[in-house]
Structure formats: structure tokens, C-alpha cells
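# A closer look at the structure
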Amino acid sequence: MRLAELSEHSGVSTATIKYYLREGLLPPGRQINATTADYDEEHLRRLRLVRAMIQVGRVPVAKVREVLGHVDDDSLGRSIRLGAALWALPQVPEPDEDDEYVRAAHREVTALLDRLGWENAKQLTTISPAYRSLVVAVAAFRRLGYAWGAEQLAPYAELMHRTAVLDLDNLETHPSEAERVEFAILGAIINEPLLQALHRLAQEEESTRRYGFE
């Protein structure tokens, strides 16, 4: 398809597509002559991924380029490729390691991983944004006087493990490694808000079952 057709099929203006091409977010089309290039379904899929990252995920263009670099790096193994792409997404700031609540949160999260037997997660604690995010959240609870720790977190973690199994089962239905990594990126951007919405709906349902509509 020509650029105008790519724009029509994707709903993205030609000017924006040209910008994505200049920024390296979209691979060049097959050059037909000096002024015309041809694009295919792979370009359309990548364009939709880029739009989801920028519009839904609010990911800055520079970060999108970094994430897509990992998506396209077929020299990496699956776990490293997935991890590198997901870790390139915007993350929470580094916790203040001198904060007593952060130190307590580290102890509780480590105890949680021990309790669950998540040995692989333990090996990644120094570099994992997910571990860092959990520490920041637990520290915030404890700073407000809620002594959340391994015991309170364990049932939630077990539910999340079941969710992760479903995520990877769905991921493995896609035929290529690039599609699997793209699916994981979309999962982080779209599926996490979806799960949050389901969580809140479930809370509303359970709350009204227990307490009515008072």
C-alpha cells in the first residue's frame, strides 16, 4: 500500500507517519522510485503498536524507539528480549535507600519472595523495575501506618502468578518472536489498565453485596 493508504487503514495522518519514519519508529517502506515507497501489513501492525504506546501508554518517543529496538533485536533470547523491552518502558523513580520505610519494605518484599519460592525474581531484585515498584508501594503503605508486608501481600502475589500464567499462555499463541514481544508490550500498556478496571469493578460488586447501596 502507498503512504496515503497506510494512513487510511491506520487512521494516522500522513504527516505523523512521516514523523515516525524520521524518528526510526517505523521501518522504511520498499522504495519504488525517488518519491514513492510501498508499505505492507507489517508496517500497519507496527504503526498500531507505536500509536498504542504513545497515545494509550503515554510513552515518550525516545522511549518508544528504545523499546522497539529490543523488540527487533532477534539476537536476544526470549526472556532477555521480553525483559529488556518491558524494562525500557517508563518506570517509578529509584527509592531512597536511606529511608527507614524503604529499608523495611525491602525486608518484607524479600520475605515475600522467599515465602513464594520465587527464586528467579530474587535473582533480579537489583535490576528489576517491578521489584523496585513493589518496594516503593510497600514503603508508602508503611509510611502511612499500614504495616503491609509479606503476609498481607502473599495472597495477592499468588493471584498475580495465575494471571502471569494466563498472560504467557496467550503470548505463546503468537507465531513469531517479534509478535510475542509486541504482545507483551501491549500487555503492559493496555492489559494492566484493563486488569485495574476489572479489579475496581470487582470491588464495587463485592462492596454492594456486603453493604448494599447505602
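The preceding data block contains the structure.
Residues numbered from 1 in each chain as written. Predicted model: local features only at pLDDT ≥ 70, side-chain atom pairs only at ≥ 80, totals over all residues. Heavy atoms only, no water.

## So, the pattern of salt bridges
Applied cut-off: A carboxyl oxygen of Asp or Glu within 4 Å of a side-chain nitrogen of Lys or Arg is what we treat as a salt bridge. By definition, any uninterrupted DSSP run of H or I lasting at least four residues is a helix, any uninterrupted run of E lasting at least two residues is a strand, and each is numbered from the N terminus. Three exposure classes are used, based on accessible area relative to the maximum for each residue type with a 1.4 Å probe and protein chains only: buried under 20%, partly exposed in between, and exposed over 50%.
The full count for this structure, using the stated rule, is eleven salt bridges. When the shortest N-O distance is used, the salt bridge between lysine 63 and glutamate 66 registers 3.5 Å. You can see lysine 63 and its partner glutamate 66 sitting in helix α4 (residues 61–71), three residues apart, about one turn around the helix. Judged by relative accessible area, which is 28%, lysine 63 ranks as partly exposed. Three or more residues are tied together by salt bridges with common partners; here these are Arg2, Arg30 and Asp38.

## Quick word on the packing of aromatic side chains
Under the convention used in this document: The pairing test for Phe, Tyr and Trp rings, Trp by its six-membered ring, is centres within 6.5 Å, and the orientation test on the planes gives stacked under 30 degrees, edge-to-face over 60, and tilted for anything in between.
This structure, assessed with the given rule, holds four aromatic pairs. Here the aromatic rings of tryptophan 148 and tyrosine 156 are separated by 5.8 Å at their centres, their planes lie at 45°, and the arrangement is tilted. Judged by relative accessible area, which is 23%, tryptophan 148 ranks as partly exposed. In this structure tyrosine 156 comes out as partly exposed when scored by relative accessible area, which is 46%. Each member of the aromatic cluster is reached from another via a ring pair, and the members are Phe141, Tyr146, Trp148 and Tyr156.

## A closer look at the nonpolar core
Convention followed: In these notes, a set of buried Ala, Val, Leu, Ile, Met, Phe, Trp, Tyr and Cys residues joined through side-chain atoms within 4.5 Å is what counts as a nonpolar core. Whether two residues are in contact is decided by their heavy atoms: any pair within 4.5 Å suffices.
The biggest cluster of nonpolar side chains holds 24 residues, and the ones touching the most others in it are Leu6, Tyr20, Met53, Val64 and Leu68. Sorting the residues of this core by element identifies α1 (3–10), α2 (14–22), α3 (41–56), α4 and α10 (177–211) as the ones contributing at least two each. If one sorts the elements of this core by residue count, α3 sits on top with six residues. Not counting residues up to four positions away in its chain, the partners in contact with leucine 6 are Met1, Ile17, Leu26, Tyr39, His43, Leu44 and Leu47. Core analysis: the second largest hydrophobic core is formed by 13 residues, Leu113, Tyr131, Ala154 and Ala157 among them.

## With respect to the packing of helix α6 (residues 100–116) against helix α8 (residues 129–143)
We count it as follows: All axes are obtained by fitting lines to C-alpha atoms, using only the stretch in contact for helices, and the reported angles, taken between N-to-C directions, cover 0 to 180 degrees. Should an angle lie under 35 degrees it is considered roughly parallel, over 145 roughly antiparallel, and from 65 to 115 roughly perpendicular; all remaining angles are considered oblique. Left-handed describes a crossing whose near helix is turned anticlockwise from the far helix through less than a right angle; right-handed describes the clockwise counterpart.
Where α6 meets α8, the axes come as close as 8 Å, and the angle between the chain directions of the two elements is 120°. Here α8 runs oblique to α6, going by the angle between their axes. In this structure, the crossing between α6 and α8 has a hand that is right-handed. Listed contacts from α8 to Tyr101, Val102, Ala104, Ala105, His106, Glu108, Val109, Thr110, Leu112 and Leu113 of α6 are Tyr131, Leu134, Val135, Val138, Ala139, Arg142 and Arg143.

## Examining the packing of α2 against α3
Convention followed: Charged means Asp, Glu, Lys or Arg here, nonpolar means Ala, Val, Leu, Ile, Met, Phe, Trp, Tyr, Cys or Pro, and polar covers whatever is left, Gly included.
Running from N to C, α2 and α3 cross one another at 90°; their axes reach a closest spacing of 12 Å. Accordingly, the angle class assigned to the pair α2 and α3 is roughly perpendicular. Contacts between α2 and α3 involve Thr16, Ile17 and Tyr20 from the former and Leu47, Val50, Arg51 and Ile54 from the latter. Of the residues assigned to the contact of α2 with α3, the class counts are five nonpolar, one polar and one charged.

## Quick look at α10
Here is the rule: One fewer than the residue count of a helix, multiplied by 1.5 Å, yields its expected span.
Here α10 spans 48 Å end to end across 35 residues, near enough to the 51 Å set by a 1.5 Å rise per residue. Glycine 212 lies just past α10 and shows a positive phi near 75°.

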